[in-house]
Amino acid sequence: EKIPHYATICQAFAIPAFVLFDLDGKSETETGNERIVAACGDFSVQYFKSSFEDLLGVGVDVKHKAGKALKKIDEMQTKDSIPKVIQVVIAAIEKWSNEK
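Quick caveat: nothing in here was measured; it's all calculated off a predicted structure.

A. Region of the structure containing the pairing of strand S1 (residues 18-22). Across five bridges, the pairing between S1 and strand S2 (residues 44-48) is parallel. Residue pairing in the sheet places leucine 20 in a bridge with glutamine 46 of S2. What joins S1 to S2 is helix H2 (residues 31-40), and the crossover it makes is right-handed.

B. Representation of the packing of helix H1 (residues 3-12) against H2. Following both chains from N to C, one finds H1 and H2 inclined at 5°, their axes separated by 8 Å at the closest point. By the angle between their directions, the pair H1 and H2 is classed as roughly parallel. Residues Ile3, Pro4, His5, Ala7 and Gln11 of H1 pack against Arg35, Ile36, Ala39 and Cys40 of H2.

C. Local environment of the state of the cysteines. Following the criterion strictly, the structure yields zero disulfides and no others. Looking at the unpaired cysteine 10, the closest cysteine sulfur is the one in cysteine 40, lying at 9.3 Å. We classify cysteine 10 as buried; its relative accessible area is 18%.

D. Quick peek at the nonpolar core. Membership of the largest hydrophobic core is limited to nine residues, which are Ala7, Cys10, Ala17, Val19, Phe21, Leu23, Ile36, Cys40 and Phe43. Mapped onto this core, the elements with two or more residues apiece are H1, S1 and H2. Beyond its immediate stretch of four places on either side in the chain, leucine 23 contacts Glu28, Asn33, Tyr47, Phe48, Lys49 and Ser50.

E. Highlighting the packing of aromatic side chains. In total, this model carries three aromatic pairs according to the counting rule given. Taking the centre distance of 5.7 Å and the plane angle of 65° together, the rings of phenylalanine 18 and tryptophan 96 count as edge-to-face. Separated by 78 residues along the polypeptide, phenylalanine 18 in strand S1 and tryptophan 96 in helix H5 (residues 84-99) bring together distant segments of the chain.

F. Structural context of the layout of surface pockets. Its boundaries defined by the atoms lining it, the largest pocket holds a volume of some 210 Å³. When residues of the lining of the largest pocket are traced back to their parent elements, those giving at least two are H1, S1 and H2. Ranked by residue count, the leading element in the lining of the largest pocket is H2, at four residues. Of the residues in the lining of the largest pocket, the class split is five nonpolar, two polar and six charged. Size it by volume and the second largest pocket reaches roughly 170 Å³. Around the second largest pocket sit ten residues that line it, and Asp22, Asp24, Ser51, Phe52 and Glu53 are the ones nearest its centre. Of the residues belonging to the lining of the second largest pocket, the class tally is five nonpolar, one polar and four charged.

The rules behind these values
Residues numbered from 1 in each chain as written. Predicted model: local features only at pLDDT ≥ 70, side-chain atom pairs only at ≥ 80, totals over all residues. Heavy atoms only, no water. Pairing = 2+ DSSP bridges. Helix = DSSP H or I, 4+ residues; strand = E, 2+ residues; numbered from the N terminus. Right-handed = clockwise from strand over helix to strand, strands pointing away. Axes fitted to C-alpha atoms, helices over the stretch in contact; angles between N-to-C directions. Parallel < 35°, antiparallel > 145°, perpendicular 65-115°, else oblique. Contact = heavy atoms within 4.5 Å. Disulfide = S-S within 2.5 Å. Buried < 20%, exposed > 50% of the residue type's maximum accessible area, 1.4 Å probe, protein only. Core = buried A, V, L, I, M, F, W, Y, C linked by side-chain atoms within 4.5 Å. Phe/Tyr/Trp six-rings, centres within 6.5 Å; stacked < 30°, edge-to-face > 60°. 1 Å grid on protein atoms, 1.4 Å probe; cavity = no way out; pocket = protein on both sides within 12 Å on 5 of 7 lines; lining within 4 Å. Points joined across faces, edges and corners; volume = space filled by probe spheres on them. Nonpolar A, V, L, I, M, F, W, Y, C, P; charged D, E, K, R; others polar.

See the structure below:
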């Protein structure tokens, strides 16, 4: 819900932005997801089809989900331990940042 607002602010002040969000297993054409993409205009946009937490192996119904996700990220000590779909997004962010 907040991403369209942030995108609008960034566009209004000409702040470059890379937008990354997850679909939480919903369709790209779901109203909320379409709204995010539409609000981003010319910004680079990437998304994960599942939830980010699922990619890390942290369940949706887990207590302290954010803390557990951060712990999983902290445990990733090599590139090979990072899920491939996350590696692709990291590469896209790197490319985008080098172009700015």
